[in-house]
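Below, each chain spelled out in residue letters.
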Amino acid sequence: MEQISERIKAFNSTKIPEMVHYKYEFMRENIFRFFRGTNHIYYEDLGKDKPLPDSPASWICGDLHLENFGTYKSDNRQVYFDLNDFDESILAPSLWEITRMATSIFIAFDSLKIEESKAIRMAQLYIKTIGEKFARGKPDYIERNTAKGIVCEFLTAVNRRKQKDILSRKTVLKKNKLQLLLEDPKHFKLDKKLKKDLVNHVQHWLKNDEDSPYNYKVIDA
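Okay, so let's go over this structure.

The rules behind these values
Per-chain numbering applies: the sequence of each chain, read as written, is numbered from 1 onward. Given that the model is predicted, a residue must reach a pLDDT of at least 70 before its local features are reported, and side-chain atom pairs must reach 80 or more before they are shown or counted; all residues, however, enter totals for whole chains, interfaces and linings. Processing note: side-chain calculations cover all non-hydrogen atoms of the structure and skip hydrogens and water entirely. We count a stretch as a helix when DSSP gives it H or I for four or more residues in a row; a strand needs E for two or more, and each element gets its number in order from the N terminus. Here a residue-residue contact requires only that any non-hydrogen atoms of the pair lie within 4.5 Å. Only buried Ala, Val, Leu, Ile, Met, Phe, Trp, Tyr and Cys residues count toward a nonpolar core, and they belong to the same one when joined by side-chain atoms within 4.5 Å. Only protein chains enter the accessibility calculation, which uses a 1.4 Å probe. A residue is then buried if its area is under 20% of the maximum for its type, exposed if over 50%, and partly exposed in between. Whenever a helix is involved, its axis is fitted only over the stretch in contact; in every case the axis is a line through C-alpha atoms, and angles between N-to-C directions fall within 0 to 180 degrees. Oblique is the label for any angle not covered by the other classes, which are roughly parallel (under 35 degrees), roughly antiparallel (over 145) and roughly perpendicular (65 to 115). The crossing is said to be left-handed when, going from far helix to near helix, the turn is anticlockwise and less than a right angle, and right-handed when the turn is clockwise. Under the scheme applied, nonpolar residues are Ala, Val, Leu, Ile, Met, Phe, Trp, Tyr, Cys and Pro; charged residues are Asp, Glu, Lys and Arg; polar residues are all the others, including Gly. Here, a salt bridge means any side-chain nitrogen of Lys or Arg that lies within 4 Å of a carboxyl oxygen of Asp or Glu.

**Observations regarding the side chain of Asn12**
- Within the element layout of this structure, Asn12 appears in the loop between helix 1 (4–11) and helix 2 (17–27).
- Non-local contacts of Asn12, meaning those with residues more than four positions away in its chain, are made with Val20, Lys23 and Tyr24.

The structure is reproduced here in structure tokens:
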């Protein structure tokens, strides 16, 4: 069987080397970060020895785990606690999502040195709850006035957050124009050709896609 390390290197071989370096640094921190960074390994091996039972296809997150939830204001300015990571979403059997989330519970609890018995109870509660929600056949929402515990604290904090506060932290005023503040060392300059291609691609999308933002134009990449 091909070594895990070789599979990981092969998967990341086409990505920006500097970004891969940061990714590997994060993955070394603990087993949960390794789990997050090796989504492809999980799905490549899922069900190899014993295939999962059939389940209805649905749009899944593709990388569901305990840290892929958060609170945010949507376009309608309402505050939600929901999934916040969709870059690997795919139409797939719904059980894929459930097994990955349950697996993340065990790995996260192990990383936090929480007893295995508590991880088992949490996973059982998760499976029981999501089964009941599926059986109802309609979406459910967590609202600020009915939420409890840490989720209520998150929703309350985001509800108080002002757009101007976010802008002040994420932008800088230069020549009377707001520009994104990109001082994080994980941001790199693009190759000239890649930059040109990217700008043209996004500009074309803004101009031709009916779902694109109105009256926007590309300034930089």
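**A short note on the nonpolar core**
- In this structure, Cys61, Leu64, Leu83, Ile98, Met101, Ala102, Ile105, Phe109, Ala119, Ala123, Tyr126 and Ile130 together form the largest nonpolar core, which totals 12 residues.
- Of all the secondary-structure elements, those providing two or more residues to this core are helix 5 (94–111) and helix 6 (116–136).
- No other element matches helix 5, which puts 5 residues into this core.
- Discounting chain neighbours no more than four positions away, the residues touching Ala123 are Ile105 and Phe106.
- Listed in part, the 8 residues of the second largest apolar core include Phe35, Tyr42, Ala92 and Ala108.

**Details of the packing of helix 5 against helix 6**
- Across the interface, helix 5 lies against helix 6 with an axial gap of 9 Å and an inter-helix angle of 155°. One finds that helix 5 runs roughly antiparallel with respect to helix 6. For helix 5 against helix 6, the interelement crossing comes out right-handed. Facing helix 5, whose interface residues are Glu97, Ile98, Met101, Ala102, Ile105, Phe106 and Phe109, helix 6 presents Lys118, Ala119, Ile120, Met122, Ala123, Tyr126, Ile130 and Phe134.
- Here the residues of the contact of helix 5 with helix 6 are counted per class, giving 13 nonpolar, no polar and 2 charged.

**Regarding the pattern of salt bridges**
- Going through the model one piece at a time under the given rule, you end up with 14 salt bridges.
- Across the pair Arg100 and Asp63 runs a salt bridge, and its minimum N-O distance is 2.6 Å. Of this pair, Arg100 sits in helix 5 while Asp63 sits in the loop between strand 1 (57–60) and strand 2 (69–73), and the two are 37 residues apart along the sequence. As far as the burial class goes, Arg100 and Asp63 line up, both buried.
- Residues joined in a network through salt bridges with shared partners are Arg7, Glu44, Asp45 and Lys48.

These values are about where atoms sit, not about what they do.
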